[in-house]
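Residue-level listing of the chains:
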Amino acid sequence: MQAPSSARPADPADQAAPAVAGPAAPAQANWPAVFSVAIGAFALVTTEFLPVGLLPSIAAELRVTEGMAGMMVTIPGMIAALAALLVTAGVGKADRRHVVIGLMSLLVASNVIVALSDSFALILAGRALMGIGVGGFWAIGGALGTRLVPAASAARATSIIFAGISLGTVAGVPAGAMIGELAGWRAAFVAAGALAVVVVLTQMWLLPKLPTSHAVSLRQLPQLLRLSKVQLGIAATLLIFIGQFAAYTYVTPFLVQVSAMSAKTISALLLAYGAAGFIGNIIGGWAVGKSVRGSMIGTGLVLGLSTLALPFFGHNAAAVVALIVVWGLAFGAMPISVQSWMFSAMPGTMEAGGALFVFTAQVALASGALVGGLSVDHLGVPSAMSVGGLFAVAMALVIWAFGKDRPARLHAVH
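Everything in this summary refers to the structure shown in the same document. Quick caveat, the model's predicted, so the values are computed rather than measured.

Conventions and cut-offs
Each chain carries its own residue numbering, running from 1 in the written order of its sequence. Reporting of local features is limited, given that this is a predicted model, to residues whose pLDDT is at least 70; pairs of side-chain atoms are given and counted only at 80 or more, and all residues count toward the totals for whole chains, interfaces and linings. Hydrogens and waters are ignored; side-chain quantities use all the structure's heavy atoms. The helix and strand labels rest on DSSP assignments: H or I over at least four residues marks a helix, E over at least two residues marks a strand, and numbering proceeds from the N terminus. Only protein chains enter the accessibility calculation, which uses a 1.4 Å probe; a residue whose area is less than 20% of its type maximum is buried, one above 50% is exposed, and one in between is partly exposed. The method behind every accessible area is Shrake-Rupley, applied with a 1.4 Å probe, and residues are considered shielded solely by the protein chains displayed. Only buried residues count toward a nonpolar core. Its members are Ala, Val, Leu, Ile, Met, Phe, Trp, Tyr and Cys residues joined through side-chain atoms within 4.5 Å. The contact definition used throughout considers only heavy atoms, calling two residues in contact when any of these lie within 4.5 Å. Candidate patch residues must exceed 30% relative accessible area and have no salt bridge, after which like charges are joined if within 9 Å and Val, Leu, Ile, Met, Phe, Trp or Tyr side chains if within 5 Å. Any Lys or Arg side-chain nitrogen found within 4 Å of a carboxyl oxygen on Asp or Glu counts as a salt bridge. Axes here refer to lines fitted to C-alpha atoms; in helices the fit is confined to the stretch in contact. Angles between the N-to-C directions go from 0 to 180 degrees. Here roughly perpendicular refers to angles of 65 to 115 degrees, roughly parallel to angles under 35, roughly antiparallel to angles over 145, and oblique to all remaining angles. Handedness of a crossing follows from how the near helix is turned relative to the far one, being left-handed for an anticlockwise turn of less than a right angle and right-handed for a clockwise one. Residues are sorted three ways: Asp, Glu, Lys and Arg are charged, Ala, Val, Leu, Ile, Met, Phe, Trp, Tyr, Cys and Pro are nonpolar, and all the rest, Gly among them, are polar. The span you would expect from a helix comes to 1.5 Å times its residue count less one. We define a polar contact as two N or O atoms separated by no more than 3.5 Å, with the added condition that, inside protein, one atom must be a possible hydrogen donor and the other a possible acceptor, whereas residues neighbouring each other in sequence contribute only through side-chain atom pairs. Note on aromatic contacts: the rings of Phe and Tyr and the six-membered ring of Trp form a pair at centre separations within 6.5 Å, being stacked when their planes are under 30 degrees apart, edge-to-face when over 60 apart, and tilted otherwise. Whether a charge sits over a ring depends on NZ of Lys or CZ of Arg being within 6 Å of the ring centre and within 35 degrees of the ring normal.

**Some words on the overall build of the protein**
Next up, step 1: From N to C terminus, the protein includes 17 helices and zero strands.
Next up, step 2: For the protein, buried positions account for 58% of its 414 residues.
Next up, step 3: If you sum the accessible surface of the protein, you get close to 15500 Å²; carbon and sulfur atoms cover 71% of it.

So this is what it looks like as structure tokens:
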């Protein structure tokens with residue numbers, strides 16, 4: 001993920017809390033360690049959203065509805081939200097190297113449980129383990145780039161780490177869908193587990209010791225919540241993530257049932273969606289360099305309108321392909337737009353701020369999958385696209401109405 005440029009015109013909506021000193025940056029860059037964290041990000045994103053491309057086959061084998069199968073996204077999202085707060089505070093001053101490796105080990109265990117279990121309840125328990133890894137990793141891992149390279153290279157390192165998100169979407173989810181089509185959905189989780197093992201071994205080899213002199217306290221979070229820009233960012237994050245995952249979790253059933261596409265076609269289209277997301281990530285990095293507020297509004301409108309249009313053009317293959325690609329562009333820009341808004345409001349509090357952002361995003365992710373699932377089971381698959389689109393457009397309207405160029409009400413965070 002592209003980090004926002006530090007050399008850009010001042011955007012009044014970007015006013016932030018006073019910085020707080022963090023751990024000192026190293027004198028020399030450790031790029032292999034940075035890439036090991038990025039590979040971990042790729043493995044997490046791949047595993048977290050693996051059910052998206054496999055939902056029909058999982059539901060059929062386990063004899064549950066597709067809305068119920070969507071709980072494989074909802075449950076880990078809920079657990080990740082809590083883990084973002086509890087893991088960050090619970091690890092105290094522990095060496096972050098040990099923490100990250102431990103969290104990635106949970107990813108291995110999760111994939112093994114899901115691949116081998118015939119019980120849907122046990123599968124959800126395995127996915128819950130993955131949720132702990134996701135929440136803890138994103139709350140802590142987002143700040144690791146600044147610990148592994150000199151300050152001048154911190155933005156580049158952070159960009160590389162978060163690029164794992166885009167790469168996981170580009171290659172991971174479509175590859176999982178393809179493996180599921182060729183060898184069954186369980187084989188896809190076996191492959192994800194093997195990837196997680198490689199990540200753990202790589203990080204054990206490459207990550208240096210990462211001691212920290214201070215522990216994050218949950219008491220910092222109420223202070224952050226008093227920032228008007230943070231409050232608005234939380235509302236925007238909830239709306240756009242709910243919208244995205246209400247629709248995205250059920251895009252495969254939509255393409256099967258409404259667009260009558262084959263599994264191979266869907267895999268190719270998911271790959272196109274991910275590739276568009278990678279391009280959208282680059283566009284988003286450029287957009288936040290101009291105006292974070294503008295990038296947020298644009299992302300919400302493009303994502304919302306493209307998903308809202310899908311039920312109306314669902315039987316037109318060419319239109320569906322075009323809308324999915326446009327949706328992918330907006331999805332790629334979404335994380336960097338929202339993160340830029342949130343983190344610019346609380347510099348110097350990266351782990352506490354990261355925990356708050358991950359908590360909000362994961363609550364919204366889980367809620368989106370749940371809202372989409374309820375809509376699918378009661379109103380049909382196309383309704384998930386409509387619901388998702390409405391939430392995304394609502395985010396754009398909120399930022400347009402309340403994120404105007406005005407002084408933010410700020411309070412110091414200590």
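**Digging into the nonpolar core**
Next up, step 1: Within the largest apolar cluster, 105 residues are counted, with the highest numbers of intra-cluster contacts made by M104, F137, W138 and W327.
Next up, step 2: It is helix α11 (residues 228-248) that contributes the most residues to this core, eleven residues altogether.
Next up, step 3: Beyond its immediate stretch of four places on either side in the chain, M104 contacts G40, A43, L44, F137, V199, V200 and Q203.

**Focus on a nonpolar patch on the surface**
Next up, step 1: Residues M78, L370 and L374 make up a contiguous nonpolar surface patch of about 250 Å² in total accessible area.
Next up, step 2: By secondary structure assignment, the location of L374 is in helix α16 (residues 350-379).

**Some details on the packing of helix α5 (residues 96-116) against helix α9 (residues 185-206)**
Next up, step 1: Here α5 crosses α9 at 160 degrees, and the two axes come no closer than 8 Å. The pairing of α5 with α9 is recorded here as roughly antiparallel in orientation. Pair α5 / α9 crosses with left-handed handedness. Taken together, the residues of α9 that come into contact with α5 (itself represented by R97, V100, I101, M104, S105, L107, V108, N111, V114, A115 and L116) are W185, R186, F189, V190, A192, G193, A196, V197, V199, V200, Q203 and M204.
Next up, step 2: Classifying every residue of the contact of α5 with α9 by side-chain character gives 17 nonpolar, four polar and two charged.

**Thoughts on helix α1 (residues 31-48)**
Next up, step 1: For α1, which comprises 18 residues, the first-to-last C-alpha distance of 26 Å matches the rise-based estimate of 26 Å (1.5 Å per residue) to within 8%.
Next up, step 2: Counting buried residues in α1 gives 13 out of 18 residues, a clear majority hidden from the surface.
Next up, step 3: Taking the backbone nitrogen of A33 as reference, a side-chain oxygen 3.2 Å away marks N30 as the first, capping residue of α1.

**Digging into the packing of aromatic side chains**
Pairs of aromatic rings are described using the distance from one ring centre to the other and the angle between the two planes.
Next up, step 1: All chains considered together, the criterion is met by ten aromatic pairs.
Next up, step 2: Taken together, a centroid distance of 5.1 Å and an interplanar angle of 20 degrees make the contact between F49 and F245 stacked. Note that F49 is positioned in the loop between α1 and α2 (55-62) and F245 in helix α11, a separation of 196 residues in sequence.
Next up, step 3: A ring pair is formed by Y273 and F331, whose centres lie 5.7 Å apart and whose planes are at 25 degrees; its orientation type is stacked. Remark: F331 occurs in helix α15 (residues 317-344) and Y273 occurs in helix α13 (residues 263-290); sequence separation between them is 58 residues.
Next up, step 4: Grouped by ring-pair contacts, the aromatic residues F49, F241, F245, Y248, Y273, W327 and F331 constitute a single cluster.
Next up, step 5: Over the aromatic face of W341 sits the side chain of K229, whose NZ or CZ is 5.2 Å from the ring centroid.

**Details of the environment of G298**
Next up, step 1: In this fold, G298 is placed in helix α14 (residues 292-313).
Next up, step 2: Between the C-alpha atoms of G298 and A330, which are 32 residues apart in sequence, the distance is 8.3 Å.

**Here's the deal with the packing of α14 against α15**
Packed helices, taken two at a time, are described by the angle their axes make and the gap between the axes.
Next up, step 1: Running from N to C, α14 and α15 cross one another at 150 degrees; their axes reach a closest spacing of 8 Å. Classed by the angle they form, the pair α14 and α15 counts as roughly antiparallel. Pair α14 / α15 crosses with left-handed handedness.
Next up, step 2: When its residues are assigned to classes, the contact of α14 with α15 shows 19 nonpolar, six polar and one charged.

**A look at the pattern of salt bridges**
Next up, step 1: Counted according to the given criterion, the structure contains two salt bridges.
Next up, step 2: Between R186 and E61 there is a salt bridge, with its nearest N and O atoms 2.9 Å apart. Separated by 125 residues along the polypeptide, R186 in helix α9 and E61 in helix α2 bring together distant segments of the chain.

**Quick notes on unusual backbone geometry**
Next up, step 1: Within the chain, R63 stands out as a residue other than glycine whose phi angle is a positive 60 degrees.
Next up, step 2: Relative to the helices and strands, R63 resides in the loop between α2 and α3 (66-69).
Next up, step 3: Given a relative accessible area of 78%, R63 falls into the exposed group.
Next up, step 4: One non-glycine residue, A260, lies in the positive phi region at around 55 degrees.
Next up, step 5: For A260, the location among the structural elements is in the loop between α12 (251-257) and α13.

**Things to note about the side chain of S259**
Next up, step 1: The topology assignment puts S259 in the loop between α12 and α13.
Next up, step 2: Only 2.7 Å separates the side chain of S259 from the backbone oxygen of G314, close enough to count as a polar contact.

**With respect to the environment of F312**
Next up, step 1: Looking at the element boundaries, F312 is found in helix α14.
Next up, step 2: Separated by 74 residues in the primary sequence, F312 and S386 have C-alpha atoms spaced 9.8 Å apart.

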